Amino acid sequence: MTSEFEHGAAFVDGELVPIERAKISLVDTGFSRSDVTYDVVAVWDGAFFRLDDHLDRFERSCRMLRLTPPYDRAEMTRILLDLARVSGLREAYVEMLCTRGVARHGSRDPRTFENRFYAYAIPYVWLLRPEQAEMGMDAVITRTVRRIPTSSVDPTVKNFHWGDLTRGLFEAYDRGAHYPILLDRDDNITEGAGYNLFALVGQRLLTPAGGALEGITRRTVLELAAEEGIEAVAVDLSESTFRTATEAFATSTAGGVMPITSLDGRPVGDGRVGATTRLIRERYWQAHKDPRYLTPVDYPA
Ligand SMILES: *Cc1c(COP(=O)(O)O)cnc(C)c1O
């Protein structure tokens, strides 16, 4: 049986609509000013993974930007579950957004805008497809662009200020690779185009302490590493230290734990997926069966 929601479902202006029909206003400042925050949570094997952690982060992001979604936590949870349910997708990429919204009475004062909430569920998105996982990511440390300073745009609030990340993507492609890694002004590693970073240096797994989104996948990796007795720490991670890594990987809800096997055209370690990366990756997908992380979707029979 096919349904009009089979390619995905969206929640716009209080209604569930097929993804192809989801449209927003041209005068919504989420679009015209990037005045928006968002979050992305995965549905895996019919259940949301760490839904409450994503909603906590989303609500914090809204507070930081002084946005007030027109729905409370219970209503947003219901909307996200409904989107997964009507789409029928058992592996989905589910995004929620809150925009400053639209001006009332023609005022440009952001305090007076009507904030809006949108959400949608589409088939799961892979930043690195599973069949490419053995090959790993080909990353570059970008030379032409640095991460927007944290004093200008707070990277711990998930945002649409992707100018630097998009420039990074173009540089990566121009250099025959696909995955940019951006530095801050002090030559520390920050993050990439929608992913956090880890490096195995000696026996320790290192990830940047600041300058990046506090990814839920990153948090999961820190927790799983601790369970495995691997020392994993958030530090100021310099470019030169990152270059000494014997293993590296990127993390994102869209793809999980993704090995980085080449950096600036040179192999990372021996250029193959290393044992620690492999272990963390396996544990990451096993965690998707762990009930303490899961919120099952009530699909129709
Ligand atoms: C979403 C995102 C990540 C990854 O966060 P997860 O919660 O693990 O999906 C990393 N960096 C940026 C810039 C992001 O937007």
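What counts, and at which threshold
- Residues numbered from 1 in each chain as written.
- Predicted model: local features only at pLDDT ≥ 70, side-chain atom pairs only at ≥ 80, totals over all residues.
- Heavy atoms only, no water.
- Domains from an automatic or database assignment.
- Contact = heavy atoms within 4.5 Å.
- Buried area = accessible area lost by both parts, 1.4 Å probe.
- Salt bridge = Lys/Arg side-chain N within 4 Å of Asp/Glu carboxyl O.
- Polar contact = N/O pair within 3.5 Å; in protein donor to acceptor, adjacent residues only side chain to side chain.
- Helix = DSSP H or I, 4+ residues; strand = E, 2+ residues; numbered from the N terminus.
- Nonpolar A, V, L, I, M, F, W, Y, C, P; charged D, E, K, R; others polar.
- Pairing = 2+ DSSP bridges.
- Axes fitted to C-alpha atoms, helices over the stretch in contact; angles between N-to-C directions.

Enquirer: Is there a simple way to explain the domain arrangement of the protein in this structure?
Expert: It is common to give the size of an interface as the accessible area lost on bringing the parts into contact. What the domain assignment reports for the protein is domain 1 (3-123) and domain 2 (130-288). Using only C-alpha atoms to locate each centre, domain 1 and domain 2 end up separated by 27 Å. Contacts between domain 1 and domain 2 engage 22 residues on the former and 21 residues on the latter. Of the roughly 1,800 Å² buried between domain 1 and domain 2, counting both surfaces, carbon and sulfur atoms make up 63%. In terms of surface lost to domain 2, no three residues of domain 1 exceed Tyr38, Phe49 and Arg57, which account for 35% of the buried area on that side. Here domain 1 is connected to domain 2 by two salt bridges. Between arginine 219 and aspartate 53 there is a salt bridge, with its nearest N and O atoms 3.3 Å apart. If you look at where domain 1 meets domain 2, you find six residue pairs in polar contact (both at pLDDT 80 or more). Elements represented by at least two residues in the side of domain 1 that touches domain 2 include exactly strand S3 (36-44), helix H2 (51-64) and strand S5 (92-102). No other element matches S3, which puts eight residues into the side of domain 1 that touches domain 2. Among the residues forming the side of domain 1 that touches domain 2, the class breakdown is eleven nonpolar, five polar and six charged.

Enquirer: Looking at this model, I keep getting lost on the sheet that holds strand S4 (residues 47-49). Mind explaining?
Expert: Across a sheet, strands are paired by hydrogen bonds formed along the backbone, either parallel or antiparallel in direction. Read from one edge of the open sheet, seven strands run S2-S1-S6-S5-S3-S4-S16, paired in antiparallel fashion. Among the strands making up the open sheet, the edge pair consists of strand S2 (15-18) and strand S16 (294-296). Put simply, the sheet's adjacent strands are angled 25° from each other on average, direction ignored. In the sheet, S4 pairs with S16 via three bridges, with the strands oriented antiparallel. Within S16, the position partnered with phenylalanine 49 by the bridge is leucine 294.

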